[in-house]
Amino acid sequence: MIKDKAIIEVDRLNKSFGQNHVLRDFSLQLSEGENLVILGKSGSGKSVLIKCIIRLIEPDSGTISILDQDISLLDQDEMDLLRADVGFLFQSNALYDSMTIRQNLEFPLRRHWTKEERELKAESAVKEALEDVGLLHTIDMMPAELSGGMRKRIALARTIILKPKVILYDEPTTGLDPITGREISELMNRIQEKYNTASIIISHDMNCIRMTANRIIMLIEGRNYAEGTFENLIKNQDPKVGDFFEGL
Ligand SMILES: Nc1ncnc2c1ncn2[C@@H]1O[C@H](COP(=O)(O)OP(=O)(O)OP(=O)(O)O)[C@@H](O)[C@H]1O
């Protein structure tokens, strides 16, 4: 059988904080163009996993490969280069309040594009990313003038401006009303379709998960406890899995 091309491969990751063994031989594989949801209770280690992937935390053992590169072997410059391919959507959006929307979107270009590239392409890149999220008309506005849902869209536009191959979503719909949450989930799917980006999505929002997940991994007791589609897992008889789908 030919395996799908892996964008991220996490192999037998372990991470403890003192006696607290958070990740226990945790493995996952993210394929090209796939939306993968990590579902786990509060404190189960989802953020620790994402922090290991972006190398904010060093695991105790195990390997993480992104685009076929073992990240533990990369130096700072190589890691910076790789970061252009790995977009991150923060739960807080992390927009700069004192900058216009245009300046917010130009920000990642400063780090990853030369001055010449910026002069040539920044304007069209900013406009394309804003069009992708349906907010071109906000280009000269300030973040404070926008609603929570619009700020989330702008943060997503800033994430996709470098055309990353993978996006890590940290609770993308938390704090939004259900209708706005649904719009963000639809947008995530449109981005996936247009750019064939792979995504790891951390979420508790069952509507978002149902709409976006091609596959779900249940992170329970530090392990990849169960995995499958939403439709598979909702029928799973294991009580630890069933807990998550209660009432649906
Ligand atoms: N830097 C750290 N030092 C010590 N313990 C930590 C550290 N970071 C995380 N932990 C512990 O690791 C465990 C997993 O935390 P993590 O933040 O990954 O959970 P989570 O699944 O993301 O939870 P939530 O859904 O509430 O965001 C928790 O017990 C937490 O206290």
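Owing to the predicted nature of the structure, the values given are computational and were not obtained by experimental measurement.

Undergrad: Any chance you could break down the overall build of the protein for me, citing the residues and the numbers?
TA: A count of helices and strands for the protein gives 9 helices and 10 strands. Against the globule reference of 18 Å for 248 residues, the protein gives a C-alpha radius of gyration of 18 Å, in line with a compact fold. Here the contacts in the protein between residues at least 6 apart in sequence split such that 67% fall between residues at least 24 apart.

Undergrad: Account for the site of the ligand, naming residues and giving values.
TA: Around the ligand lies a shell formed by Phe-17, Asn-20, Val-22, Gly-40, Ser-42, Gly-43, Ser-44, Gly-45, Lys-46, Ser-47 and Val-48. When residues of the shell around the ligand are traced back to their parent elements, those giving at least two are strand 2 (20-31) and helix 1 (46-53). Among the elements that line the shell around the ligand, the one with the most residues is helix 1, at 3 residues. Classifying every residue of the shell around the ligand gives 3 nonpolar, 7 polar and 1 charged.

Undergrad: Before we move on, could you go through the UniProt feature "domain: ABC transporter" (unreviewed entry) in the protein and cite the residues and values that matter?
TA: According to UniProt, the "domain: ABC transporter" (unreviewed entry) feature falls on residues 8-246. The annotated region residues 8-246 carries 40% helix and 26% strand content, and the separation between its end C-alpha atoms amounts to 31 Å.

Undergrad: How would you explain unusual backbone geometry if you had to name every residue and give the values?
TA: Leaving glycine aside, a negative phi is the common case for residues, and trans is the common case for peptide bonds. Its identity as a non-glycine residue notwithstanding, Arg-55 has a phi of 60°, on the positive side. Among the secondary structure elements, Arg-55 is positioned in the loop between helix 1 and strand 4 (61-66).

Undergrad: An account of the pairing of strand 9 (residues 215-220) is needed here, citing residue identities and associated values.
TA: Pairing between strand 3 (residues 35-39) and strand 9: 4 bridges, direction parallel. Pairing of Leu-36 across the sheet is with Arg-215, part of strand 9. Bridge count for strand 9 against strand 10 (residues 223-228) is 5 bridges, and the pairing is antiparallel. When the sheet's bridge partners are listed, Leu-219 is paired in strand 10 with Asn-224. Counting the residues that bridge the hairpin from strand 9 to strand 10 gives 2 residues, and of these Glu-221 lies at a positive phi of roughly 55°.

Undergrad: How would you explain the domain arrangement of the protein if you had to name every residue and give the values?
TA: According to the domain assignment, the protein contains domain 1 (6-85 + 164-245) and domain 2 (98-163). Measuring from the centre of the C-alpha atoms in domain 1 to the corresponding centre in domain 2 gives 25 Å. Taken together, the contact pairs 13 residues of domain 1 with 12 residues of domain 2. Looking at the side of domain 1 that touches domain 2, the element that brings in the most residues is helix 6 (residues 178-195), giving 7 residues. Considering only residue class, the side of domain 1 that touches domain 2 consists of 9 nonpolar, 2 polar and 2 charged.

Undergrad: Quick one: what's the story with the pairing of strand 8 (residues 198-202), residue by residue and with numbers?
TA: Of all 5 residues making up strand 8, 5 are buried, and the element is well covered by its neighbours. A two-sided burial pattern is seen for strand 8, the buried positions comprising Ala-198, Ile-200 and Ile-202 on one face and Ser-199 and Ile-201 on the other. In this structure, strand 3 lies alongside strand 8, joined through 4 bridges in parallel fashion. Looking across to strand 8, one finds that Asn-35 is bridged to Ser-199. As paired elements, strand 7 (residues 166-170) and strand 8 share 5 bridges and run parallel to each other. The residue of strand 8 that forms the bridge with Tyr-169 is Ile-201.

Undergrad: Account for the sheet that holds strand 7, naming residues and giving values.
TA: Spatial ordering of the open sheet is given by 6-7-8-3-9-10, a layout of 6 strands whose pairing is mixed. Each having just a single partner strand, strand 6 (86-89) and strand 10 make up the two edges of the open sheet. Within the sheet, the average angular offset between the axes of one strand and its neighbour, ignoring direction, is 20°.

Undergrad: Can you explain the confidence of the model for the protein? Please cite residues and give values.
TA: Of the residues in the protein, 98% reach a pLDDT of 70 or more, and the chain-wide mean stands at 94. As scored by the predictor, the complex reaches a pTM of 0.93 and an ipTM of 0.97.

Thresholds, definitions, all that
Residues numbered from 1 in each chain as written. Predicted model: local features only at pLDDT ≥ 70, side-chain atom pairs only at ≥ 80, totals over all residues. Helix = DSSP H or I, 4+ residues; strand = E, 2+ residues; numbered from the N terminus. Rg over C-alpha atoms; globule rule 2.2 N^0.38 Å. Contact = placed C-beta atoms within 7 Å. Near = placed C-beta within 6 Å. Nonpolar A, V, L, I, M, F, W, Y, C, P; charged D, E, K, R; others polar. UniProt positions renumbered as here; feature names shortened; annotations may be inferred. Pairing = 2+ DSSP bridges. Domains from an automatic or database assignment. Buried ≥ 20, exposed ≤ 12 C-beta atoms within 10 Å, placed from the backbone. Axes fitted to C-alpha atoms, helices over the stretch in contact; angles between N-to-C directions. pLDDT = per-residue confidence, 0-100.

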